[in-house]
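# Reading the structure
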Amino acid sequence: MSKLSNAAEKRGRMARWLISGPPLFYLLLFFAIPSLIMVFASVRYAGDYGGLAPVFDEAGKLNLTLENFQRFTSDFIYTAIFLKSLMYALVTTFCCLLMAYPLALLIARSPKKYRDLLILLVILPFWSNFLIRVYAWMIILGPQSGLTQAVNYILGLAGIEPVRLLFTGFSVIVGLVYVHLPFMVLPLYANLEKHDPALVDAAQDLGASAWQRFWRITFPLSLPGVYAGAALVFIPALGIFAVSDILGGTGSDMIGNVIKQQFLETRDWPFGSVLSIVLTVAALIAAGIAVLVARPRRQA
């Protein structure tokens, strides 16, 4: 019996390793190791012609420094850009939630024969290139577009000066919301679709209004989907740089744009690594908060 139990235990361990091994290897190879390289690069000096200086100087001493972290904390411009990126990500998450919740609720309550088609329409933008879709907003928000002219015509009737929609913070928010909206719709739909309609029917029979049924039953049950969607939108929106590059003006740079500039233009890799560490820590904190908030609470 002991031999059989030992064999079964070994097979169980092997099965667990076969299941958890590939994801663990993936995280180690594409997250842990690059993160360690980034941390090591952040405490090195920049090379004379960009990149990284040698680890050891001519005297054979370690050529390491913490000046790059001091530069980030002492120069408020980088802190301001990071805070602005944080604000953009929060506004984007909030706007996506306001727009995605009614849509996800409509899809979840639609007849089953239409749900697949509606979900297909939500993910349809993913079938085209990301940059092409962002560049399309340059045409939509351009100064000669029908939208801009209509907005300025209405403002002119009210005696307000014409406004520019493109190359502003507004255009960056529009692009971020457009790009990340499906990431909010899908987890919300996955949650709302599982709700038991009998709960809402019972509340209606007890005299609850439509607003009370939504606020007391539907919304609390959908909070796990809200938290998941918020994390899926906030984290990539915080570090994205293509949208602000294309749709934003000179004052709309986000932290991702600064990181790209440090690596590709100024070639200050150590300071770019510091900014990347700050962004990674912020993303991990956001993911941790989402996990903690979404964790079901035990009743005492």
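Calculation criteria
Residues numbered from 1 in each chain as written. Predicted model: local features only at pLDDT ≥ 70, side-chain atom pairs only at ≥ 80, totals over all residues. Heavy atoms only, no water. UniProt positions renumbered as here; feature names shortened; annotations may be inferred. Helix = DSSP H or I, 4+ residues; strand = E, 2+ residues; numbered from the N terminus. Rg over C-alpha atoms; globule rule 2.2 N^0.38 Å. Buried < 20%, exposed > 50% of the residue type's maximum accessible area, 1.4 Å probe, protein only. Contact = heavy atoms within 4.5 Å. Patch = residues over 30% accessible without salt bridge, like charges linked within 9 Å, V, L, I, M, F, W, Y side chains within 5 Å. Areas by Shrake-Rupley, 256 points an atom, 1.4 Å probe, with all protein chains shown as cover. Salt bridge = Lys/Arg side-chain N within 4 Å of Asp/Glu carboxyl O. Phe/Tyr/Trp six-rings, centres within 6.5 Å; stacked < 30°, edge-to-face > 60°. Lys NZ or Arg CZ within 6 Å of the ring centre and 35° of its normal.

The name given to the chain in an unreviewed UniProt entry is ABC transporter permease, with the source organism recorded as Collimonas rhizosphaerae. The Sequence similarities (unreviewed entry) field of the UniProt record for the chain holds the comment "Belongs to the binding-protein-dependent transport system permease family. CysTW subfamily." Under the UniProt heading Subcellular location (unreviewed entry), the note attached to the chain is "Cell membrane".

Check the secondary structure of the chain and you find 12 helices and zero strands. Taken from N to C terminus, the helices and strands of the chain fall in the order α-α-α-α-α-α-α-α-α-α-α-α. Whereas a compact globule of 300 residues would reach a radius of gyration of roughly 19 Å, the chain reaches 25 Å, over 25% beyond that. With the C-alpha coordinates aligned to their principal axes, the bounding extent of the chain is approximately 90 × 85 × 40 Å. The buried share of the chain, reckoned over its 300 residues, is 35%. Put simply, 67% of the contacts in the chain that link residues at least 6 apart link residues at least 24 apart.

Glancing now at a nonpolar patch on the surface. On the surface, a cluster of nonpolar side chains totalling about 1,000 Å² of accessible area is made up of Phe 25, Tyr 26, Leu 27, Leu 28, Leu 29, Phe 30, Phe 31, Ile 33, Ile 37 and Leu 284. Ranked by the residues each element gives to the nonpolar patch, the list is headed by helix H1 (residues 2-42), at nine residues. With relative accessibility at 41%, the residue Phe 31 sits in the partly exposed group.

Moving on, we come to the UniProt feature "transmembrane region" (unreviewed entry) in the chain. UniProt's entry tags residues 21-43, 76-105, 117-140, 165-189, 226-249 and 269-294 with the feature "transmembrane region" (unreviewed entry), counted in the numbering of this structure. Between the first and last C-alpha atoms of residues 117-140 the distance is 26 Å; the span itself is 75% helix and 0% strand. Across residues 269-294 one finds 100% helix and 0% strand; the C-alpha atoms that close the span lie 37 Å apart.

This structure, assessed with the given rule, holds 11 aromatic pairs. Aromatic pair Trp 211 and Trp 215: ring centres 5.6 Å apart, planes at 10°, arrangement stacked. Of this pair, Trp 211 and Trp 215 both sit in helix H9 (residues 210-239), four residues apart, which is roughly one turn of that helix. Residue Trp 211 is classed as exposed on the basis of its relative accessible area, which comes to 55%. Taken together, the ring pairs in this structure connect Tyr 101, Trp 211, Phe 214, Trp 215 and Phe 219 into an aromatic cluster. The ring of Phe 271 has Arg 71 lying over it, and the distance from NZ or CZ to the ring centre is 3.8 Å.

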